[in-house]
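Architecture at a glance
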Amino acid sequence: MSGKYHIKNILKAGALALGVLAASVPLMAHDAFAAPKKDFKLAWTIYVGWMPWGWAKDAGIVKKWADKYGINIDVVQVNDYAESINQYTVGGFDALTVTNMDALSTPAVGGVDTSAVIIGDFSNGNDAVILKDKDKLADIKGQKVNLVEFSVSHYLLARALASINLSEKDVKVVSTSDADMAAAWKTPDVTSVVTWNPIVSEILADPKAHKVFDSSQIPGEIMDLTVVNTQTLKDNPAFAKALAGIWYETLAIMTSDTPEGKAAREAMGKASGTDLAGFESQMAATKLFAKPAEAAAFARSPEVGATMDKVRHFLFDHGLLGNGAPSVDVVGIELADGKVLGDKANVKFRFNDAYMSDAAAGKL
Amino acid sequence: MRLVNRSPAKGWARVLALLPFVAVLVLYLIASAVRLSENPADKLLPSLATIGDAIVRMAFTVDVRTGTIPLWNDTAASLGRLFAGLGIATLIGAVLGIAIGVLPYLRALLGQFVAVVSMVPPLAILPILFITMGLGEASKIALIAIGIAPLLVRDIALRVMDMPHQQFIKAQTLGASSWTLVLRVVLPQILPRLIDSVRLQIGPAWLFLISAEAIASESGLGYRIFLVRRYLAMDVILPYVAWITFLAFLMEIALVLLQRRAFPWFAAARTAQ
């Protein structure tokens, strides 16, 4: 065969390949030019502090507020928490339920500017360190600790160890999936775990289990947020207003001592795989900000800044602030009062109390 | 000339073989560039430079927290589990497969049972494995072995039964006992076929290994992938996936070479069929 023949064919094949590529490029890019839009998606996962989203959808509260602002809000339950964060980060969702730590480590570090518009609650006992046959935290020294590595459980362990002047070097962390934590507890070689509810209550049902540290000893540090992509928020403040409207209407019902409130709690309990009593005990271990004024005041409090400073140091120490991040300051965190922790030129995570304040002032 | 009779020249065939790889790479680079132009810190499709940094970090830098180099530590842990699991499964496959193939009583006893067991999805019974074998190495190796052994047993039993019956009769006429029959007639012909079966099970073996490591582990290739997945660190995941693919490919080549070296007659016999 002649050389020409080869080249012609290669060129043909090349042209074909480029055609395929060109056709597929638009699929890769999402919303390159954000602008006011009508359809929004919120991803939520099963957790006591986020159950209101699912219930609000079923009760028609989502639609009511979306209609008020002339938009559509799709509230989607995602089965896997980590996957919901990833989907939000790559642009699949406009809003997400997430903890303060995970919001910083994934979307913010991944360059997706993210604003916390609702601080729903903080964990006040829902996350716990549990030992088998031992009842003092100090006994954890030298043990293997099963937990979801790099999650809020890992952070809680670090804080627990710090409280008794130990460090992570004094234990051995074994990464264990939350789905298998309860089964893992039943095996003889698992002697200590750090996990969250409802797994905590399941494990504590075992008489050998002793809770030696929980999140009520570090109040306010593990926050459950509803966050919105900052660009989307700038272009569509109505979306965040609708979210705040939905949230506080739902919480008012959920926390009320009426048959309607009880029915809501029961429905949420069922949806999260427990019953009314189980759900109410989880609520008791959660400091829920039922009133928007309370949430806004917490958002503005200096505690948030102090917590985020601890969290970013934890993430930095574990290499989670990005590839070879040179310092803990690499990602900027803007607090509600406008103060910035870290790089002011690279602010990617913001606490925004405007919508909670609007809700408190009845301006929604 | 008909299309079925036209084959590419040698050089051109190589270009063709490379083309899909190049196309995937180019597709990746374009998509990555598009996403990065929008968000320079995008995590889903990182640039080659970012991936390069991650490779240096994972494969050539000692991790301060553990004092080991992550990639090599993970590879050693994973390969140890994989070889142990595959080894146990192969042994069970050979012994039980041949026994079921040659002994009608054993076939009556276990044939249907093995067929049913091979249909049980092993991942679904993981909690039982954990509780009986603990969260350590044993349950991970057991998962691989349980996942693969029944298929190997069935395959080997079928291959034994496929062997021409005259061979058995001839050997018995020459005075072979059941034991010598297995040792001198069945085993030599089954071993190269066992290598084929194991080759086909390398993929599933990795799947079971990674699933087991995702659930509870301190090291391993699957452990690392699921750990950093929480942070969407595709810059680490993509090289790990490439590395796993490469290791599986090496295992495949090694088995092919072993088959060729140890049983040179087998390739000839296969093409003659």
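Residues numbered from 1 in each chain as written. Chains lettered and ligands numbered in written order. Predicted model: local features only at pLDDT ≥ 70, side-chain atom pairs only at ≥ 80, totals over all residues. Heavy atoms only, no water.

Take the overall build of chain B next. Along the backbone of chain B there are eleven helices and one strand. Helices and strands appear in chain B in the N-to-C order α-α-α-α-α-α-α-α-β-α-α-α. For chain B, whose C-alpha radius of gyration is 24 Å, the value lies well above the compact-globule estimate of 19 Å for 273 residues. Along the three orthogonal principal directions, the C-alpha set of chain B runs to about 75 × 65 × 30 Å. When burial is assessed residue by residue, chain B has 43% of its 273 residues classed as buried. Of all intrachain contacts in chain B linking residues separated by at least 6 positions in sequence, the fraction that spans at least 24 positions is 69%. In chain B, 23 side chains carry a positive charge and 13 a negative one; their mean positions are 12 Å apart. (Helix = DSSP H or I, 4+ residues; strand = E, 2+ residues; numbered from the N terminus. Rg over C-alpha atoms; globule rule 2.2 N^0.38 Å. Buried < 20%, exposed > 50% of the residue type's maximum accessible area, 1.4 Å probe, protein only. Contact = heavy atoms within 4.5 Å. Lys, Arg positive; Asp, Glu negative; His and termini not counted. Charge placed at Lys NZ, Arg CZ, Asp CG, Glu CD.)

Another aspect to go through is the overall build of chain A. Each helix and strand counted, chain A has 15 helices and 14 strands in total. Rg of the C-alpha trace for chain A: 23 Å, near the compact-globule value of 21 Å for 364 residues, within the 12% margin. Overall, the C-alpha framework of chain A stretches about 80 × 55 × 40 Å when taken along its three principal axes. Each of the 364 residues in chain A was classed as buried or not, and the buried ones make up 54%. Total accessible area on chain A stands at roughly 14,900 Å², and carbon and sulfur atoms take up 56% of it. Here chain A carries 36 positive and 43 negative side-chain charges, and the mean point of each set is 5 Å from the other. (Areas by Shrake-Rupley, 256 points an atom, 1.4 Å probe, with all protein chains shown as cover.)

It is worth spelling out the packing of aromatic side chains at this point. Under the criterion given, the structure shown has 14 aromatic pairs over all chains. With centroids separated by 6.2 Å and ring planes inclined at 65 degrees, the aromatic side chains of Phe 150 of chain A and Tyr 231 of chain B adopt a geometry described as edge-to-face. Note that Phe 150 of chain A is positioned in the loop between β6 (144–147) and α6 (152–163) and Tyr 231 of chain B in the loop between α9 (221–229) and α10 (234–262), a pairing that runs across two chains. Considered together, Phe 150 of chain A and Tyr 231 of chain B belong to a single accessibility category, that of buried residues. Ring pairs connect the aromatic residues Tyr 47, Trp 50 and Tyr 81 of chain A, which therefore count as one cluster. Over the ring of Phe 93 of chain A we find Lys 41 of chain A; its NZ or CZ atom is 4.9 Å from the centre of that ring. (Phe/Tyr/Trp six-rings, centres within 6.5 Å; stacked < 30°, edge-to-face > 60°. Lys NZ or Arg CZ within 6 Å of the ring centre and 35° of its normal.)

On to the nonpolar core. If you look at the biggest cluster of nonpolar residues, it comprises 177 residues, and the most contacted ones within it are Ile 73, Leu 104, Ile 140, Phe 349 and Phe 351 of chain A together with Trp 206 of chain B. No other element matches the 16 residues that helix α8 (residues 178–215) of chain B contributes to this core. In this structure Phe 349 of chain A touches Asn 100, Ala 103, Leu 104, Ala 108, Asp 113, Thr 114, Ala 116, Leu 225, Met 308, Gly 332, Ile 333 and Glu 334 of chain A, once residues within four positions along its chain are discounted. (Core = buried A, V, L, I, M, F, W, Y, C linked by side-chain atoms within 4.5 Å.)

With that out of the way, let us pick up a nonpolar patch on the surface. Residue and element names in this part refer to chain B. Taken together, the side chains of Phe 246, Phe 249, Leu 250, Ile 253 and Leu 257 present a nonpolar region at the surface, about 450 Å² in accessible area. Here Ile 253 lies in helix α10. Given the relative accessible area of 36%, Ile 253 is considered partly exposed. (Patch = residues over 30% accessible without salt bridge, like charges linked within 9 Å, V, L, I, M, F, W, Y side chains within 5 Å. Salt bridge = Lys/Arg side-chain N within 4 Å of Asp/Glu carboxyl O.)

Residues and elements named next belong to chain A. In terms of domain boundaries, chain A breaks down into domain 1 (1–30), domain 2 (40–122 + 221–360) and domain 3 (127–217). Between the C-alpha centres of domain 2 and domain 3 the distance comes to 26 Å. Contact with domain 2, which involves 14 residues of that partner, is made by twelve residues of domain 3. For the pair domain 2 and domain 3, the summed buried area comes to about 1,200 Å², and 68% of that belongs to carbon and sulfur atoms. Counting across the interface, domain 2 meets domain 3 through one salt bridge. Between Glu 221 and Arg 159 there is a salt bridge, with its nearest N and O atoms 2.7 Å apart. Connecting domain 2 to domain 3 are three residue pairs in polar contact (both at pLDDT 80 or more). Top contributing element to the side of domain 2 that touches domain 3 by residue count: helix α14 (residues 302–317), with four residues. Considering only residue class, the side of domain 2 that touches domain 3 consists of seven nonpolar, four polar and three charged. (Domains from an automatic or database assignment. Buried area = accessible area lost by both parts, 1.4 Å probe. Polar contact = N/O pair within 3.5 Å; in protein donor to acceptor, adjacent residues only side chain to side chain. Nonpolar A, V, L, I, M, F, W, Y, C, P; charged D, E, K, R; others polar.)

Residues and elements named next belong to chain A. On the secondary structure map, Met 308 appears in helix α14. With relative accessibility at 0%, the residue Met 308 sits in the buried group. A sequence separation of 27 residues divides Met 308 from Leu 335, and the C-alpha atoms of the two residues are 9.2 Å apart. The contact partners of Met 308, leaving out residues within four places of it in the chain, are Asn 100, Leu 104, Ile 333, Leu 341, Phe 349 and Phe 351.

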